[in-house]
Amino acid sequence: MKLTSRLFGRPAWQDRDPALRAQAVAQSRDADLIKKLPELAQHDESPAVRLAALDRIDTEAFWLDARLRESDEAILESADEFLARAVMRKANPDMVKERLEWFARIERPGLVREAARKAPDESLRAAALERIQSPGFLGDCYMAEHSDKLAARILERIEQESTLQRVVDRLRKTNKKRARAAEQRLAAIAAASGHDETVAQIAGRLVEQAEVLSRGNAEGDRKELLERLESQWRELQSVPEALERRFQGAARIVRNSLNRPATAPPQRDPAEDRTEPQAAERAQIDVNLSRLAERIRQQAEASGDDATDSELLSQWDRAWNALEQPGTTEQALREEMLPLLRRIQKRHETASKPSAPTRPAAPSADTAALDRRLDEVGEMLEAGDLVAAHGALRDMQSTLGKLPARQRPGKIVGRHQRMEGRLKEMRNWQHWSNNQVRDELIAKVEQLAESDQHPDAITSALKAARAEWQRLESLELFPGEKRRFAAPHGQWRRFQAACKQAFEQARPFFEKRSEVKEQNLETLDAFIEKGMQTADAESPDRDELLGFMRKARQAIRRLDDLPPKARGPSAGRLKELMNRLSDRLDEAYEQVELAKRRLVAEARELAHEKDLSAAIEQAKALQARWQKAGSGRRRIEQQLWKEFREPIDPLFKQLDHQREEKKQEQQEAVAELEALCRQAEELADLDDEQLPEAEGRFRGLSEDWHGRGRRPQGLDKRFSAAENKFSQRLNELHDRARNQAIEALQVLADAVQSAWQQRTESSDTPPPRPDDLPTIDGDPVAAGLSRQLTRVTEPDSDTDELAQWVAHNGEEARQVAVEMEFLAGVDTPAVDRDRRMDYQVKRLARQLGDRSSQPDLASEFSDLQQRWYATFPHPTEVHGELADRVGKCSKVLRSMMG
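What this report covers is the structure whose coordinates are included nearby.

What counts and what doesn't
Here the residue index of a chain counts from 1 through its sequence in written order. Per-residue local features of the predicted model are confined to residues with pLDDT of at least 70, and side-chain atom pairs are confined, for both listing and counting, to 80 or more; whole-chain, interface and lining totals are unaffected and use all residues. Side-chain numbers come from the whole structure's heavy atoms, not from hydrogens or water. In DSSP terms, a helix is any run of H or I states spanning at least four residues, a strand is any run of E spanning at least two, and both are numbered starting from the N terminus. Any carboxyl oxygen of Asp or Glu within 4 Å of a side-chain nitrogen of Lys or Arg constitutes a salt bridge here. How far a helix is expected to stretch is found by multiplying one less than its residue total by 1.5 Å. Per-residue accessibility, obtained with a 1.4 Å probe over protein chains only, is compared with the maximum for each type, and a residue is labelled buried under 20%, exposed over 50%, and partly exposed between these values. In this description, one arc is meant: the one made by directions from the helix axis to the C-beta atoms. Any pair of residues with heavy atoms lying within 4.5 Å of one another is described as a contacting pair. Throughout, nonpolar core names a set of buried Ala, Val, Leu, Ile, Met, Phe, Trp, Tyr and Cys residues whose side chains join them through atoms within 4.5 Å.

Some points on unusual backbone geometry
With an omega of 0 degrees, the peptide bond between Phe872 and Pro873 qualifies as cis. With respect to the helices, strands and loops of the structure, Pro873 is situated in the loop between helix H34 (857-870) and helix H35 (876-897).

Describing the pattern of salt bridges
Two side chains carrying opposite charge are able to pair once their charged atoms lie near each other. Taken as a whole, this structure holds 37 salt bridges when the rule is applied. Residue Glu681 is joined to Arg718 by a salt bridge in which the shortest nitrogen-to-oxygen separation is 3.2 Å. Linking Glu681 in helix H28 (residues 634-684) with Arg718 in helix H30 (residues 713-761), this pair joins segments that are 37 residues apart in sequence. Several salt bridges share partner residues, and in doing so they unite Arg814, Glu821, Asp832, Glu881 and Arg885 into one network.

Section: helix H29 (residues 695-706)
With 12 residues, H29 should reach 16 Å at 1.5 Å per residue; the first-to-last C-alpha distance of 16 Å fits that figure. Along H29, the residues that are buried comprise Phe698, Leu701, Ser702 and Trp705. Along H29, the residues classed as buried sweep out an arc of 100 degrees about the axis, all on the same side. As for H29, its buried residues are in contact with H28 and H30.

A closer look at the environment of Ala151
Structurally, Ala151 is set in helix H11 (residues 148-157). By relative accessible area, which is 1% here, Ala151 ends up buried. Sequence-wise, Ala151 and Gly139 are 12 residues apart; in three dimensions their C-alpha atoms are separated by 9.6 Å. Each residue touching Ala151, except ones within four places of it in the same chain, is listed here: Tyr142, Glu145 and Arg178.

So, the nonpolar core
Counting 75 residues, the largest nonpolar core has Val25, Trp102, Tyr142, Ile154, Trp233 and Leu236 as its most contacted members. It is helix H6 (residues 73-89) that provides the largest number of residues to this core, a total of eight residues.

Here's what the structure looks like:
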């Protein structure tokens, strides 16, 4: 044990008080405490002490142990906070089991989701994912998980088709392997549940990939890619017929490019046995289009004749218009053929011109107008305005239909047909693209049901989704069409179901808000009713009217807090209340303004008041009445206030002028007083030799000072200090002079007594007179002592007479001592008590006889001192006793007199 512990007892961390012990454990740096921290963290009886020890140790092992064995809420909360940070910071293979055991006890959804996304330990992520049931969150984790094994486990738990669709869309370009796995999972779920639309979406993506492969834009071995696509295609069931035709056509193009010469006819694939007769017809159209494209390539390179060029152009237009729904492959082929067709068209037009060098005749006005109209249609198509282009083409068709067949311009008819084909193609593409957008809208709406957004945000999102759906409908539906909806019926049902599910989640909130709005309406009705009663009162309080007006203005700005149907009527009632309040306020304001106009008239009468003080008092009274009258309308109030101040301001300016003059006089008086103070302070600081001479001057200053009347407190203190200092120094000078005089008298008295003693000891020769005795001019007591000394030292003096005289002096000195003892209140020796009694009786009789002349203590003491010195010399045998008695009494009397 340390020496301090032995001297001062146990340390604070061993105290019996748990609070003191916990504080010491948290703050102390005692080495013994540091060693005991693990034991305290596990076995101390106080939870606060255990928590303080754990905070000091602050390691994961101790926190895990505490979390698994403790029951105190504070310790459990602190342990959870530390361990949450620890498991998210880095992996710890040595504590995986303990971490999982701790994590199983956690009931914090936020921490579970964070661990599922970001925990460094794979086993902890897996445990967190097992506790999550949200398909949308599982989809996010599947996309972000870097462990393929855990990602596969996550994918097995996702059964929501919209989530899988979103995962596929996200991973298609970033992680193709997981995207394919998600597609397979989506296809399996769709097949099991019979959702044809989901199968169609998967099939559409496979068709796009096959068409990209048919154009030669894919990377890798085309044969292996085709085999993989066909394998995935065979796993699909109930594929839409149009997608089946597109996929088989694209696959056939790829196989033809791999297995046959370019000029050989295409071989029929066995997979076509599964298609309908219409699919075979579409395949034949694709083959014819491919053959025609090959002829166009050859004709574009050759010189060719005009008939062949015209025939190829016509055949291409007929083949292209025969396509009901051009696919990506057909579109790519068309983009390739357009430059060649333009070249052939230009060559055909050049060959059709007359050979004469004369200038050709200008086309007729109708042909030029039709060309311009077709140009406008082309601009509409380029701008994507399909509705306007459709209407313009219908009008053009009507115009051409009215002409005889032979008079219809062939060029115009050809352009018209090509533009109709272009319109049809763009419409098909737009429908496909809009369906993709609709699927995205459905996915977004489905996610709303799983989100934690505010209900208002959900409704706003639903409104935006419905507006976007209607916009897509308006883009696809042309005027005059019989169909009412462009979206597939199944897709529309999914959209409606998703919207309903999202709205059902927000419905409780809206019901509660409707209830609150009804309560607000009741409160507003009660407020309006009370406001109307206040406005209809005979003499309402103006402040109360203003309060209702202010609240009514606030209420009319918050009509959104009321039910929609009640907002209009409530606004009308509030306006009616505000108008009524405004009328009553105007009446109150008019009364206030009338009262203030009267005050203005009274203020103008003050100009005739000659007494400024009286005018000022009346003005102050008018100002008080102005404040008490209240406030009127701002503009009128300001004007009246200006008129009210106009006659009053000059009065206060005069008062300010008088005050300024008085202030100036006071400043001058203060300056004079400061000069007197400086003079007094200078006199109080004079030398001791000059001080008595300045007593008269200082007395004059004092009389002048005290005659000044009212004086500033600071200057009064300065003068009083100087006056006290001067008086104190003067008294000290007088005291020193008096003491010097007393000492001189005592020296003379001692010389007289010493001379008598010497004469009594040697009667033959009288003592000589001392030469160094002090002299006190003008002092009768000193003069008397000098005569007494001369008598004692005179050789011719008779010794017997001197003895009788000294004996008489002794009696007189005893009498003086008795009187002085009586005056000082000191006890008298027993030998003189009778003498003191006689003196008291005589003194009492004298006082009773003459009450008017009673001497003061100082006068009596001075008289007794003079009588004492007049009694010298004393008999030698009694001198010492009497001198002691008189000295003692003198001290008492001096202390009594201060």
